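What follows is each chain in one-letter form.
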Amino acid sequence: MTVAAYYAGLWRLLQVWMPQLLVAAGGTLRMTALAFIVAATVGLGLALARLSRYAALSRFAVFYIEIVRGTPALTQLFLIYFGLTAVGLTLQAFQAAVVGLGLNGAAYLAEVYRAGIQAIHRGQREAAQAIGMTHGLVMRFIILPQAVRIILPPMANYTISLLKDTSVASLISAPELMLRARDLSSEYFRPMNLYVIAGLMYLAMAYPLSRAVRAMEARLSQGR
Amino acid sequence: MTGDSWGRALAQLPYLVHVLLLGAAMTVQVTAGGFVVAIVLGLVFAVLKTAPARILRVFATAYAEIFRGVPVLTQLFLIYFGLANIGIKLEPVPAAIVGFGINGGAYLTEVFRAGIEAIHGGQLEGASAIGMTRATAMWYVVLPQAVRVVLPPLGNFAIGLLKDTSIASAVAAPELSFRARTLVDQTFLSTQIYLMVAVLYLAMSLPLSRVVRALEARMGRGHVA
Amino acid sequence: MPDVPPRMNEPSATLKASLPDPLAPPNGRVLVRVVDLHKRFGDLEVLKGINLEVAVGEKLTIIGPSGSGKTTLLRCINHLEKPSAGHVYIDGELVGERTIGERYVEMKDREIARVRAKVGMVFQRFNLFPHLTALENIMIGPMRVSKLPRAEAEVIAAELLRKVGLLHKRDAYPERLSGGQQQRVAIARALAMRPKLMLFDEATSALDPELIGEVLNVMRQLAAEGMTMIVVTHEMQFADDVSDRVIFMDNGQIVEQGSPREIFRSPTHPRTRAFLWAVLERQAFQ
């Protein structure tokens, strides 16, 4: 086959593939966004539990974090998708992926939050207590506003990782980009083309986020 | 129904554990292989990234950005299925090791680069002031300190890699997750088997975590200038 | 003077007889009462039975070597440290604990916070909130703790800022202020809560020498206005000028106390004399 003929053929295939891949990429983005929300909120609760004065809460949080961070996300997805049916809970693949990736991310973000909160100098907390603030007020107006600044870059980097991790959900047949690429690949026998395209699409999706992270890091290092 | 499945699981326990342990052994092998390849590539590209020639720096940056920005699964599929399609057939395990190695190398490029640059230029000046050649200074002054900076991230990378090898199940590498999938297909004991899988991964990763935490604690003392 | 040197940890009988009764304040109503206060950090006992009363409007200075427990005593008064034994009363109310019948029970966070609002503390390292401007640092207490409306809090804050001479810096963030300026803002922040009592924990020790004066001036002004102040400091001149009473602490105990003239010009206890000799010798060269 001549080079020209090859590329002409490829162009025709692209016109068939791209609409499907783009729809699937939408699924990837949606999964990322939803899982992020789960991870960010559950993670905050976990971090506060970890830092709590109640030993039971703190121990539970440590236990959860150790277990979730010590096992692969894939295993967690399998447990949630296949395993939960044993206790009568059947989730769709997409939902299982959101829950699984979200709970996985929560354990990671909990540690990020904790590091951020503990990075705030103890003197700040004491000064706030000295003017009569309760623990709640100290957190809300003094610690968290400052911690947010420290936490944002790792959280943004986490989001980029999460985007890539959604590819694992293809292994429980959740509708996202890799699943579609794999299906097309077995249909058209063009794994090289399709996975290169998929790879480029992931790079494209992550690019705006990477730019944002770099801008954020630049802004946070200067100024206040 | 559920009671029945737990009973069956208990009855087949020795067989299940045996198969899963075989898988765990393979997991360790893939992790070790990938780790070595990643370190080698990471070192090479870290050096390239700090090279005086701009083309080398650009090349290294491109490598790092591309292979860090694409999911590992995609890279594994490219290496296993993609290369096979153009005539280069790799077995699942070598394919996995190469895949994790290239991906890991991209990640470690940054880690090693940070390690090299963490040592102030002042150190090299101090070394040459007492008469050391650049090579001697590198070996006795820069490298020991760089190693200490680099060890904790390297440890964390190893733990991440251990977990990521589960993805190799998608290219039929007979590691723990793949063995588990096969067993579940055979026995339908998904909950029980995946719980055992989780325990096995924990058994492998928790000791590693402890070591890394100890390393991180020790890095606090004797700081890098 | 006694012929036999007193044991290291205890003033002699003659000395004790010459000291004013620690439980009787020099004048006026008692604002702060410390009863048999002990504080232990692990194996180390930092406060070994402190008894103290401070009257309304009194300026009390605490001097002593580092490790003597001066800062710990201050921090026990506003319950930033929890005493191992003993009690603190402010204006008749127990601090950090409640009594249920015969028993003492630790106060909840909210109750302790309420007590702390009435006591102002100024820290050695200022501890201003870096994410807030000078004005906002002062406003946040009245707004979020006293729940005053923003406009009112702003008026109070501006007035206090003017009083410490920094109104022109109202929109500056702490990192742009000098140490002396930060500390003055910190004092204003404490005053914004209308405290009955101000605690100063080595307020000038972290400052460059040329900046110490501006902070001491604010403290002098505060003293002249009648604020009850407990000041831990190494600034002997200031202590001499401003205090009604000076306490020398060493090794977790009150070794000697008296008026500034008594302590600085004719200290009786050998350890007081040794300490003052060392400190004043150093200060003579500055």
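Up top is the structure these notes are about.
Counting restarts for each chain: residues are numbered from 1 in the order of the written sequence. Think of it this way: whatever chain is written first is A, whatever ligand is written first is 1, and the rest follow in order. Only residues with pLDDT of 70 or above have their local features reported here, since the model is predicted, and side-chain atom pairs are shown and tallied only from 80 upward, although totals for entire chains, interfaces and linings are computed over all residues. Remark: hydrogens and water are excluded; side-chain values derive from all non-hydrogen atoms of the structure.

Moving on, we come to the overall build of chain C. Note on conventions: DSSP H or I runs of at least 4 residues are helices, E runs of at least 2 residues are strands, and numbering of each starts at the N terminus. Regarding its fold elements, chain C presents 10 helices and 12 strands. By residue count, 53% of the 286 residues in chain C fall in the buried class. Buried residues are those whose accessible area, probed at 1.4 Å on protein chains only, stays under 20% of the maximum for their type, while exposed residues exceed 50% and partly exposed ones sit between those limits.

This next bit is on helix H2 (residues 70-77) of chain C. Residue and element names in this part refer to chain C. In terms of burial, H2 is largely enclosed, as seven of its eight residues are buried. Among the residues of H2, Lys70, Thr72, Leu73, Leu74, Arg75, Cys76 and Ile77 are the ones counted as buried. In the stretch just after H2, histidine 79 is the one whose phi turns positive, near 60 degrees.

Okay, the packing of aromatic side chains next. Stacked, edge-to-face and tilted are the three classes for Phe, Tyr and Trp ring pairs, Trp counted by its six-membered ring, which pair at centre distances within 6.5 Å; planes under 30 degrees apart are stacked, over 60 edge-to-face, the rest tilted. Counted according to the given criterion, the structure contains 18 aromatic pairs over all chains. Measuring from centroid to centroid gives 5.8 Å for tryptophan 17 of chain A and tyrosine 188 of chain A, while their planes differ by 80 degrees, and the two rings are edge-to-face. A residue pair is termed long-range when its members are at least 10 positions apart, and tryptophan 17 of chain A in helix H1 (residues 3-50) and tyrosine 188 of chain A in helix H7 (residues 177-188) qualify at 171 residues. Take tryptophan 17 of chain A: its relative accessible area is 0%, and that puts it in the buried class. For tyrosine 188 of chain A, a relative accessible area of 27% gives the class partly exposed. Members of the aromatic cluster, joined through ring pairs, are Phe78, Tyr81 and Phe82 of chain A together with Tyr194 of chain B. Our definition puts a charge over a ring when NZ of Lys or CZ of Arg is within 6 Å of the ring centre and also within 35 degrees of the ring normal. Over the ring of phenylalanine 41 of chain C we find lysine 39 of chain C; its NZ or CZ atom is 4.9 Å from the centre of that ring. Over the ring of phenylalanine 129 of chain C we find arginine 189 of chain C, and its NZ or CZ is 4.5 Å from the ring centre.

All names here are of chain C. At aspartate 36, a residue that is not glycine, the phi angle is positive and equals roughly 45 degrees. Looking at the secondary structure, you find aspartate 36 in strand E1 (residues 30-41). One non-glycine residue, histidine 79, lies in positive phi territory at about 60 degrees. Locating histidine 79 in the fold gives a position in the loop between H2 and strand E4 (85-90).

With that out of the way, let us pick up the sheet that holds strand E3 (residues 59-63) of chain C. Residue and element names in this part refer to chain C. Whether two strands pair depends on DSSP finding at least two bridges between them. Across the sheet, which stays open at both edges, the six strands sit in the order E8-E9-E10-E3-E11-E12 with mixed pairing between neighbours. Each end of this open sheet is capped by a strand with a single partner; those strands are strand E8 (119-122) and strand E12 (253-258). Averaged over neighbouring strand pairs, the angle between their axes works out to 20 degrees when direction is ignored. Examined bridge by bridge, E8 and strand E9 (residues 197-201) share four bridges and lie parallel to one another. The residue bridging methionine 121 from the neighbouring strand is leucine 199, located in E9. Where helix H7 (residues 209-224) meets the sheet, it contacts E3, E9 and strand E10 (228-232), and its direction lies at approximately 145 degrees from that of E10. Think of each axis as a best-fit line through the C-alpha atoms, taken over the contacting stretch in the case of a helix, with angles from 0 to 180 degrees between the N-to-C directions. When checking whether two residues touch, look at their non-hydrogen atoms; a contact exists if any pair is within 4.5 Å.

Each side of the interface is counted separately: chain A has 31 residues, and chain B has 34 residues. Simply put, the buried area is the total loss of 1.4 Å probe accessible area from both parts when two parts are fitted together. Both faces considered, chain A and chain B share a buried interface measuring about 2,800 Å² in area, 72% of it formed by carbon and sulfur atoms. A carboxyl oxygen of Asp or Glu within 4 Å of a side-chain nitrogen of Lys or Arg is what we treat as a salt bridge. Joining chain A to chain B, the criterion identifies one salt bridge. Of the charged contacts, one joins glutamate 66 of chain A and arginine 213 of chain B as a salt bridge, the two residues approaching to 3.3 Å between their closest N and O atoms.

With that settled, consider the interface of chain A and chain C. Each side of the interface is counted separately: chain A has 22 residues, and chain C has 24 residues. Of the roughly 2,100 Å² buried between chain A and chain C on both sides combined, carbon and sulfur atoms contribute 62%. Across the chain A-chain C interface, the total number found is one salt bridge. A salt bridge links arginine 75 of chain C to glutamate 126 of chain A, with the shortest nitrogen-to-oxygen separation between them at 2.7 Å. Pairs of N or O atoms within 3.5 Å make up the polar contacts considered here, provided that, within protein, one atom can donate a hydrogen while the other can accept it, and that residues adjacent in sequence are counted only when both atoms are side-chain atoms. For the pair chain A and chain C, the number of links is six residue pairs in polar contact (both at pLDDT 80 or more). Listed by contribution, the elements that provide at least two residues to the side of chain A that touches chain C are helix H5 (122-130) and helix H6 (135-165) of chain A. Per element, the largest residue contribution to the side of chain A that touches chain C is eight residues, and it comes from H5 of chain A. Tallied by class, the residues present in the side of chain A that touches chain C amount to nine nonpolar, nine polar and four charged. Charged means Asp, Glu, Lys or Arg here, nonpolar means Ala, Val, Leu, Ile, Met, Phe, Trp, Tyr, Cys or Pro, and polar covers whatever is left, Gly included.

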